[in-house]
Amino acid sequence: MQLYLRGIADFYESELGKRLLASPQVRREWAFNLLMDQEKGTILQGVIDCAFLEGDEWVLVDYKTDRIEDEAAFIERYALQMSWYARALESITGKRVKEKCLYSISKAKVFPLEKECFT
């Protein structure tokens, strides 16, 4: 496993990292099980890399180590996952997710996700 120490350090120097450090509540590696469809017994299981409160709303962050050649494809690859995680976080906590971000450790770059991905 390759460690990206510079990318991790850069995260905490970024605007997003500074916002996280200023938050009164930060949750890391937050495992969850969420019943999505009671009739079918569909359960969503996952681990939220990081979520932090700003005001009364969550900011959801997922750290990625992918080698990125196409940034649009990178965002598209994880957009649905982040939408489901946001839905789970809102359901579990009763608080709105106001922002979803991917953080590329290898590129030391934040990729905000703007569009909703549920169909």
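The coordinates are above.
Residues numbered from 1 in each chain as written. Predicted model: local features only at pLDDT ≥ 70, side-chain atom pairs only at ≥ 80, totals over all residues. Heavy atoms only, no water.

(A) Summary view of the nonpolar core. Phe 32, Ile 48, Trp 58, Leu 60, Leu 89 and Leu 102 are the most contacted members of the largest nonpolar core, which has 21 residues in total. The element contributing the most residues to this core is helix H3 (residues 71–93), with seven residues. With sequence-adjacent residues up to four places away left out, Leu 60 is seen in contact with Ile 48, Cys 50, Ala 51, Met 82, Tyr 85, Ala 86, Leu 89, Val 97, Glu 99, Lys 100 and Cys 101. Leu 16, Phe 52, Val 59 and Ile 105 belong to the second largest nonpolar core, which has 10 residues in total. (Core = buried A, V, L, I, M, F, W, Y, C linked by side-chain atoms within 4.5 Å. Buried < 20%, exposed > 50% of the residue type's maximum accessible area, 1.4 Å probe, protein only. Helix = DSSP H or I, 4+ residues; strand = E, 2+ residues; numbered from the N terminus. Contact = heavy atoms within 4.5 Å.)

(B) Highlighting the pattern of salt bridges. According to the stated counting rule, one finds eight salt bridges in the structure shown. Here Glu 57 and Arg 96 are joined by a salt bridge, their closest N and O atoms 3.0 Å apart. With Glu 57 in strand S3 (residues 57–64) and Arg 96 in the loop between H3 and strand S4 (97–104), this pair connects stretches of sequence that are 39 residues apart. A single salt-bridge network, built from bridges that share partners, covers Arg 19, Glu 54, Lys 98 and Glu 99. (Salt bridge = Lys/Arg side-chain N within 4 Å of Asp/Glu carboxyl O.)

Spatial relationships are all this shows, so hold off on functional conclusions.
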